[in-house]
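Here is how the chains run, residue by residue.
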Number of protein chains: 2
Amino acid sequence: MKLETALTHQLNIKYPIIQAGMAGSTTPELVATVSNKGGLGMIGAGYMSPDQLAEEITQVQELTDLDFAVNLFVPADARYSSDDVNKMQEYLQPLREEYDVARPEVDMTKEEDNFNGAIELVVQMHVPVVSFTFGIPNQHIIKRLKSNGITLIGTATSVEEATALESAGIDIIVAQGSEAGGHRGSFTVNEQGHTPLIGTMSLVPQIVDQVEVPVIAAGGIMDGRGLVAGLALGASAVQLGTAFLTTDESGASQLKKASILQSDETQTVITHVYSGKMARGISNQFVSYLNQFDGRIPEYPIQNQLTTAIRKASAQRGDEQFTHLWCGQTPRLAQSKRASELVDQIIAEARKILE
Amino acid sequence: MKLETALTHQLNIKYPIIQAGMAGSTTPELVATVSNKGGLGMIGAGYMSPDQLAEEITQVQELTDLDFAVNLFVPADARYSSDDVNKMQEYLQPLREEYDVARPEVDMTKEEDNFNGAIELVVQMHVPVVSFTFGIPNQHIIKRLKSNGITLIGTATSVEEATALESAGIDIIVAQGSEAGGHRGSFTVNEQGHTPLIGTMSLVPQIVDQVEVPVIAAGGIMDGRGLVAGLALGASAVQLGTAFLTTDESGASQLKKASILQSDETQTVITHVYSGKMARGISNQFVSYLNQFDGRIPEYPIQNQLTTAIRKASAQRGDEQFTHLWCGQTPRLAQSKRASELVDQIIAEARKILE
């Protein structure tokens with residue numbers, strides 16, 4: 001087993017370490033540091049406007065000459081009724097009053113516009129790698145990006161999703177296990193209407209066996225042990241989110257970093273109450289309050305739009321109880337240190353295991 | 001990284017492969033085959049009377065001179081009300097009529113008597129290793145077994161459970177990830193009253209870091225890739241259930257083996273409707289029917305006693321819809337082959353990865 005794989009050559013990186021596209025929490029410093037240390041840094045552009053993204057890309061390009069990636073959320077039609085939205089608006093009203101934030105309007109065009117703008121931008125600005133979460137972009141977009149030499153990464157939480165991504169022409173597949181923090185990349189449901197929730201140990205080899213393209217293992221991986229485990233399962237690299245979230249260069253607030261560093265493995269839940277899509281975070285009063293809501297949670301991006309201002313205000317006030325606290329199932333291994341040191345440490349640990 | 005570990009020496013085995021104690025599905029042939037091939041075979045004695053267990057141990061001892069283990073369920077007081085039990089009895093009545101089985105009486109003394117009988121038996125019959133599921137036996141039992149030279153294995157689904165087992169004097173800890181099929185070994189709940197459900201990739205290193213005793217990785221592991229991944233995470237061996245369940249020597253019926261071999265990774269659920277304790281199996285009509293029950297599911301072993309005859313009759317009739325179909329999250333890697341070949345294959349794969 002070697003740390004150098006066909007994928008590290010394909011991605012033009014030294015080490016098989018990918019920094020996950022943690023939308024809202026990456027900084028140009030983090031992205032550039034990971035790339036400069038030999039991994040693949042990634043701008044989490046899921047919530048960015050094209051202007052914001054252009055600024056981020058420019059900054060990353062000033063900080064590194066090496067390859068990096070941009071992660072985008074694939075937009076989908078949200079099914080929702082005004083009744084559901086109004087009911088949720090009412091339910092959130094006491095929190096808006098508590099945190100002194102205005103009642104937002106639902107805007108279904110923004111996601112699509114931002115996404116299409118981002119696609120043009122990554123082409124114009126010569127971003128070498130684009131990663132997608134929440135599904136498969138259409139063939140027009142895939143062909144446009146690939147014809148411009150851009151390498152495409154997709155996110156799968158089941159074999160079915162992985163083979164669909166491969167069939168659509170995606171070059172590399174992230175197998176996102178149930179341990180992963182933040183949003184689930186799922187875009188299918190099973191017969192019971194549930195999105196897949198398969199542990200990394202199970203998911204990676206089953207996807208590896210069913211696709212020809214390289215696979216990146218994600219979910220629960222924090223250190224050199226996880227890196228070697230991911231490679232042993234047949235992955236060509238690993239993707240780490242929570243591990244980078246607590247580093248100095250991460251854009252996560254001290255409040256959020258402290259929440260992760262103080263948590264244990266039993267304290268996270270998977271919930272769609274924050275955004276309308278399933279995501280793993282540390283349970284808090286926001287989750288308990290929304291779990292008592294007796295209506296239907298509007299789908300993403302509606303619920304996300306309805307709750308964003310409350311969550312920001314709570315975090316700004318230093319209150320971790322009404323903001324999201326994305327975190328995977330391995331918080332005990334999270335460390336407060338520089339991202340550059342973290343990459344060095346992971347590689348040193350992996351080499352020792354492989355001796 | 002080496003396949004020979006301090007634990008393989010401690011357990012007197014050649015390879016770091018433990019066959020999980022799949023209560024109801026082990027046979028003396030399976031247990032002896034795994035031990036004879038260099039792993040640790042295990043009698044799943046969770047539902048056995050002392051007489052049955054004595055017979056099984058005798059048969060295993062006739063088939064191998066090597067060490068093997070016995071897995072026992074640690075009894076606990078079940079909280080239940082007659083009202084809950086009566087309501088469940090009524091709800092199950094149509095199934096009893098369909099499958100022509102009698103309404104059982106609840107018996108809370110049997111579990112404790114069987115457990116105490118099994119403890120005496122393993123001492124008398126010189127069983128070298130005893131493994132526990134569902135908690136920690138009392139100090140009297142732990143001391144009695146250890147003073148007779150018996151090595152003790154406990155099952156943990158969180159760090160808290162692992163440290164509790166270690167403090168009680170248990171020698172080796174199985175870290176059972178959420179991918180695992182069959183019963184969850186959990187004996188704690190979090191603030192929300194949920195039992196831990198931590199993926200193997202997250203659970204193993206967090207437990208390894210917090211205990212001094214050797215750790216066995218379990219959950220989702222089916223082949224040489226999983227074995228190497230488990231060792232990379234810091235475990236000293238791996239435990240496989242589903243992988244052995246479909247082997248020729250397993251006691252699982254053809255119906256149950258076929259269900260696993262035809263499943264994919266999205267088809268299992270964790271449910272307590274079969275036994276009153278959480279367990280992972282392939283979803284079927286029994287699960288959907290019981291999910292519509294609007295009362296409280298009686299705790300283990302009550303619910304287990306109430307549903308056992310129905311499940312047996314359904315399986316005997318060749319109907320997989322009203323029996324339990326224990327299965328982990330990696331059914332795509334399940335194989336129909338001899339257990340001896342499976343062990344050989346796992347070791348050959350692991351050696352190739354480690355080259």
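By the naming in an unreviewed UniProt entry, chain A is Probable nitronate monooxygenase, taken from Staphylococcus marylandisciuri. What UniProt states about chain A under its Catalytic activity (unreviewed entry) heading is, verbatim, "3 propionate 3-nitronate + 3 O2 + H2O = 3 3-oxopropanoate + 2 nitrate + nitrite + H2O2 + 3 H(+)". As stated in UniProt under Sequence similarities (unreviewed entry), the record for chain A gives "Belongs to the nitronate monooxygenase family. NMO class I subfamily."

This part covers the packing of aromatic side chains. All names here are of chain B. Going through the model one piece at a time under the given rule, you end up with 20 aromatic pairs over all chains. Judged by centre distance (6.3 Å) and plane angle (75°), the rings of F73 and Y300 are edge-to-face. Linking F73 in strand β3 (residues 68-73) with Y300 in the loop between α12 (285-291) and α13 (302-316), this pair joins segments that are 227 residues apart in sequence. Here F73 and Y300 have matching classes, each one buried.

So, on to the packing of helix α2 (residues 28-36) of chain A against helix α3 (residues 50-63) of chain A. All names here are of chain A. At their nearest, the axes of α2 and α3 sit 9 Å apart, and the two run at 40° to each other. One finds that α2 runs oblique with respect to α3. The interaxial crossing formed by α2 with α3 has right-handed handedness. Along the contact surface, α2 presents P28, E29, V31, A32 and N36, while α3 presents E56, Q59, V60 and L63. Partitioned by chemical class, the residues of the contact of α2 with α3 number five nonpolar, two polar and two charged.

It is worth spelling out the sheet that holds strand β9 (residues 237-240) of chain B at this point. Within a sheet, each strand pairs with its neighbour through backbone hydrogen bonds, oriented either parallel or antiparallel. Residues and elements named next belong to chain B. One open sheet accounts for eight strands, arranged β1-β9-β8-β6-β5-β4-β3-β2; its pairing is parallel. Each edge of the sheet is formed by a strand with only one pairing partner; in this case those strands are β1 (17-19) and β2 (41-44). Along the sheet, successive strands turn relative to each other by an average axial angle of 25°, direction set aside. Here strand β8 (residues 215-218) pairs with β9 via three bridges, running parallel. Among the inter-strand pairings, A217 is bridged to a residue of β9, identified as V238. Relative to β3, helix α3 (residues 50-63) is tilted by about 165°, and along the sheet it contacts β2 and β3.

Next up on the list: the interface of chain B and chain A. Contact residues are listed per partner, giving 39 residues for chain B and 39 residues for chain A. At the boundary of chain B with chain A, total buried surface from both sides reaches about 3,100 Å², with 56% on carbon and sulfur atoms. Summed over the three residues of chain B that lose the most area to chain A, namely B:M201, B:Q206 and B:R225, the buried surface amounts to 21% of that side. Summed over the shared surface of chain B and chain A, the number is two salt bridges. The shortest N-O distance in the salt bridge between A:D209 and B:R225 comes to 2.8 Å. At the junction of chain B with chain A, the criterion picks out 21 residue pairs in polar contact (both at pLDDT 80 or more). Secondary-structure elements contributing two or more residues to the side of chain B that touches chain A are α7 (159-167), α8 (200-208) and α9 (224-232) of chain B.

Calculation rules
- Residues numbered from 1 in each chain as written.
- Chains lettered and ligands numbered in written order.
- Predicted model: local features only at pLDDT ≥ 70, side-chain atom pairs only at ≥ 80, totals over all residues.
- Heavy atoms only, no water.
- UniProt positions renumbered as here; feature names shortened; annotations may be inferred.
- Phe/Tyr/Trp six-rings, centres within 6.5 Å; stacked < 30°, edge-to-face > 60°.
- Helix = DSSP H or I, 4+ residues; strand = E, 2+ residues; numbered from the N terminus.
- Buried < 20%, exposed > 50% of the residue type's maximum accessible area, 1.4 Å probe, protein only.
- Axes fitted to C-alpha atoms, helices over the stretch in contact; angles between N-to-C directions.
- Parallel < 35°, antiparallel > 145°, perpendicular 65-115°, else oblique.
- Left-handed = near helix turned anticlockwise from the far one by under 90°.
- Contact = heavy atoms within 4.5 Å.
- Nonpolar A, V, L, I, M, F, W, Y, C, P; charged D, E, K, R; others polar.
- Pairing = 2+ DSSP bridges.
- Buried area = accessible area lost by both parts, 1.4 Å probe.
- Salt bridge = Lys/Arg side-chain N within 4 Å of Asp/Glu carboxyl O.
- Polar contact = N/O pair within 3.5 Å; in protein donor to acceptor, adjacent residues only side chain to side chain.

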